[in-house]
Amino acid sequence: KGNSKWALGIVTGNNKAHIQDYSSTNTEPIYKGSCILPFQHKKPQHFIQFERKKFQQVAKDEFYRAKEKLVYKFISNKLVFAYDNQQSLTLNSANILIPLIPNYSIKVVVALLNSSLFQFIFLKKFSTHKILKSDLEQLPFPILSDNIHTEIERLSSNIIIGDGDTDLIDKVNNIVFKIFNLESCEINHIKTNIKN
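Rules behind the numbers
- Residues numbered from 1 in each chain as written.
- Predicted model: local features only at pLDDT ≥ 70, side-chain atom pairs only at ≥ 80, totals over all residues.
- Heavy atoms only, no water.
- Helix = DSSP H or I, 4+ residues; strand = E, 2+ residues; numbered from the N terminus.
- Buried < 20%, exposed > 50% of the residue type's maximum accessible area, 1.4 Å probe, protein only.
- Contact = heavy atoms within 4.5 Å.
- Polar contact = N/O pair within 3.5 Å; in protein donor to acceptor, adjacent residues only side chain to side chain.
- Axes fitted to C-alpha atoms, helices over the stretch in contact; angles between N-to-C directions.
- Left-handed = near helix turned anticlockwise from the far one by under 90°.
- Nonpolar A, V, L, I, M, F, W, Y, C, P; charged D, E, K, R; others polar.
- Pairing = 2+ DSSP bridges.

Asks: Explanation requested: the environment of His149 in the structure shown.
Replies: Turning to its location among the elements, His149 is positioned in helix H6 (residues 146-161). For His149, a relative accessible area of 13% puts it in the buried group. Linking His149 and Tyr83, residues 66 residues apart in sequence, is a C-alpha distance of 17 Å. With residues near it in sequence (within four places) discarded, His149 still touches Asn103, Tyr104, Ser105, Val108 and Leu144. Engagement of the side chain of His149 in a polar contact is seen with the backbone oxygen of Asn103, the distance being 3.5 Å.

Asks: Before we go on, may I ask you to explain the packing of helix H4 (residues 116-125) against helix H8 (residues 184-195) in this structure?
Replies: When two helices pack together, their arrangement is captured by the angle between the axes and the distance separating the axes. Where H4 meets H8, the closest approach of the two axes is 9 Å, and the angle between their N-to-C directions is 65°. Classified by chirality, the crossing of H8 by H4 is left-handed. Two secondary-structure elements touch here, H4 through Ser116, Leu117, Gln119, Phe120, Leu123 and Lys124 and H8 through His189, Ile190, Asn193 and Ile194. Its residues assigned to classes, the contact of H4 with H8 shows five nonpolar, four polar and one charged.

Asks: Help me out: how do you make sense of the pairing of strand S8 (residues 94-99) in this one?
Replies: Put simply, side chains in a regular strand alternate between the two faces of the sheet. Within S8, six of the six residues are buried, which leaves it mostly tucked inside the rest of the structure. Across the two faces of S8 the burial is the same, with Ala94, Ile96 and Ile98 and Asn95, Leu97 and Pro99 all buried. As paired elements, strand S1 (residues 4-7) and S8 share four bridges and run antiparallel to each other. Each bridged residue has a counterpart across the sheet, and for Ser4 the counterpart in S8 is Pro99. Two strands pair when backbone bridges link them, and strand S5 (residues 69-73) and S8 are joined in this way by four bridges, in the antiparallel orientation. Counterpart to Val71 in the pairing with S8 is Ile96.

As structure tokens, then:
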């Protein structure tokens, strides 16, 4: 709490009039919640001509055009956060988080938010179909050693530029479990709950 910037995606007021499923002159990609995957978003499927005055609600440009940001599904019963360094636009089903957590890189934040442990905590603590800022602010970000931080950041970077490699995601999960000193029976319980 108090260590991040937040913004809503664009509310056009009329998606049919403003959103198209092909690129044309003066349009750029815009991402819906359905385009957001863990660590990355899908290839552009929707396009918009960005004319601020025509829309019902728009955040400041500094959020959409941030050098690095996280984009997450707003309507969801699980945490799904993608890393974005393309200054992409989002619709209001995909909100924006710019983490400013001391001693945390954005790629480590996205790794923890997508981890099985954080999924479990979110499921048990909030059990909701909306990912709310107030709930996210309660998640426990631990103090990390430099070595652990570097390793998570490396794995996260590789997942982001890859194809969501499950082996790398498993490695991130195992590191997160270890950070919180979880035993194998606790880890199995978490994995079972998330599957169900």
